[in-house]
Amino acid sequence: MNLVDIAQLSVRLGGKTVLQGVDLTIRPGEIITIVGPNGSGKSTLLRSIIGAVAPQDGRVTRKPGLRIGYVPQKLFIDPTLPLTVRRFLSLPQRVSDADARAALDHAGAGGLEDRQMSRLSGGQFQRALLARALLSRPELLILDEATQGLDQPGSAAFYRQLEEVRGTLGCAVLMVSHELHVVMAASDRVLCLNGHVCCQGAPEHVATAPEYRALFGSGTQGALALYRHDHNHTHDHAADPHHGHHHPHDPGGAGDPPPQEAAE
Amino acid sequence: MMFLDDFLVRAALAGLGVALAAAPLGCFVVWRRMAYFGDATAHASILGVALSLTFSFSMFGGVLLVALLMAGIVSALSGRGYAVDTLLGVMAHSALAFGLVAVSFLHGVRIDLMAYLFGDILAVGRADLAVIWGGAAVVLALFWWRWSALLTATLNPDLAHAAGLDPRREQLVLTVVLAAVVAVAIKVVGVLLIAAMLIIPAAAARPLARTPESMALIAAAIGGLSALGGLQLAYRFDTPTGPTIVCLAAGLFALTSLADLVRAGADR
């Protein structure tokens, strides 16, 4: 059974249509990466999946009793709230010390139990979030820009850890990122989002797709994602869910090789 | 229950009950930055006092009703044009003013307004004690039951959603608890100082705590100490009891903050 089925999802926030006609199916064990410029509705899509945003139209169907591990984009902990890493792991479900230690080791954050969350470095903080998400034995792990604020080696290390975690847990992973050069190679499927699904497919396929090029440019070998997006084209999803349409200002260069940096 | 015949014993028990109920709530008020919300709810409750005196029903019920109404209206109106603090300012002070005006219409009933503004812990009777400890028990039971969910929702609403919790429901639980604590505490510290009993012990506990639970426990200890010590000081120096309790709590806050500063200096 599919973990999540999204059909023709539309979401309006504050009078603005953020998502329109989005279809997405998440199957057990697959890794899906969502890419898209700022304001393209990536986080809103994730938040609809966890049930924090109500759809205006369409359906989000979760497998009954689906266990989700969620790593938010940014977690602000008020300085007035004292919170050790160990205590954080027991929210909302209490976990045993042994489980907590195992999860921290697994997430690459071993030995941090007694540290205050507010005193952790960026990388340690993200690993603590990951450890907490692992403790619910998730069938679906959702990460929203999990490496924001980490430098490139830090992000690369985080994604290596993530791959290892997924290897042992076998859970599906849905993540949002703009650091394509780091994450893409590990993904089964990449979804290019800009309010609607622009294109999707295997990483190599998307990297060479004209829609992807239009969103992120091509001159930097994927090392730099450009947030420039001004086309207001419409897609005819019924006719061809992938690339049946033409972008008038396609920058071209569709023959460039896909980014390779991720293949380390 | 002979010992309850002594008004000082009743006062001490009343102070302890309020301190216990206020401590965990005060922590959430501090963590969620709801200090002004607590203040507004408390100020509005004088209208509840006026209503209950006018229509002669229980003061606890009147205050609870107005506090809930106040919290409900603010939640409903927030996010519709006015900033929440503006909204709270309008609501709180209007309710306080309407309450004071309404009280002045009450002929025939002689009421001591000061007793409601600043509390009158020495006049606590057996029935008041029952209300205070009953209310405190309900508040503590609610916290015991929802603690983890409340904490998760306070940390981040999306984390709560992902764990299958509804942050709005947890917000509602806190609103109800706040109304109950205000209703319970009005006799002890009065409308103007209830927020102080929420915030000061929690703030004083912060530098000493490493986990949310220890912060709530330390806040309860500091609140209890302030209540008992303040009572004793007020008795000895013949000062108003409610304000004396708050002064002592403020002194403890200054102490723990200072200790924290010294410790941070030593770390450097």
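Everything in this summary refers to the structure shown in the same document. Computed from a prediction, not measured in an experiment: that's the story for all the values here. Per-chain numbering applies: the sequence of each chain, read as written, is numbered from 1 onward. Written order determines the labels here, with chains lettered from A and ligands numbered from 1. Only residues with pLDDT of at least 70 get local features here, since the model is predicted, and only at 80 or more are side-chain atom pairs given and counted; chain-wide, interface and lining totals rely on the full set of residues. Computation of side-chain values covers all heavy atoms of the structure but excludes hydrogens and water.

What to know about the pattern of salt bridges
Residue and element names in this part refer to chain A.
Here's step 1: Any Lys or Arg side-chain nitrogen found within 4 Å of a carboxyl oxygen on Asp or Glu counts as a salt bridge. Here the structure, examined in full by the defined rule, presents 14 salt bridges over all chains.
Here's step 2: In this structure, the salt-bridge partner of lysine 63 is glutamate 139, at a minimum N-O distance of 2.4 Å. Taken together, the residues span a long stretch of sequence, with lysine 63 in the loop between strand S4 (57–62) and strand S5 (68–71) and glutamate 139 in the loop between helix H4 (122–135) and strand S6 (140–144) at a distance of 76 residues.
Here's step 3: Whether a residue is buried, partly exposed or exposed follows from its accessible area with a 1.4 Å probe, protein chains only, as a fraction of its type maximum: under 20%, in between, or over 50%, in that order. Given the relative accessible area of 23%, lysine 63 is considered partly exposed.
Here's step 4: Relative accessible area serves as the criterion here: at 16%, glutamate 139 is assigned to the buried category. Only DSSP runs of H or I reaching four residues or more are called helices, and only runs of E reaching two or more are called strands; each is numbered from the N terminus.

Observations concerning helix H1 (residues 42–50) of chain A
Residues and elements named next belong to chain A.
Here's step 1: A large share of H1 lies buried, amounting to seven of its nine residues.
Here's step 2: Along H1, the positions that sit buried rather than exposed are Lys42, Thr44, Leu45, Leu46, Ser48, Ile49 and Ile50.
Here's step 3: Phi turns positive, to about 90°, at glycine 51, one or two residues after H1.

Topic: the pairing of S5 of chain A
Residue and element names in this part refer to chain A.
Here's step 1: Neither face of S5 is left uncovered, since the one carrying Ile68 and Tyr70 and the one carrying Gly69 and Val71 both have all their residues buried.
Here's step 2: What makes two strands pair is DSSP finding at least two bridges between them. Here S5 runs beside S6; their pairing, made up of four bridges, is parallel. Among the inter-strand pairings, tyrosine 70 is bridged to a residue of S6, identified as isoleucine 142.

Observations concerning the pairing of strand S9 (residues 197–201) of chain A
All names here are of chain A.
Here's step 1: With five of its five residues buried, S9 lies for the most part within the structure.
Here's step 2: Looking at chain direction, strand S8 (residues 189–193) and S9 are connected through four bridges and run antiparallel. In the strand pairing of S9, leucine 193 is matched with valine 197.

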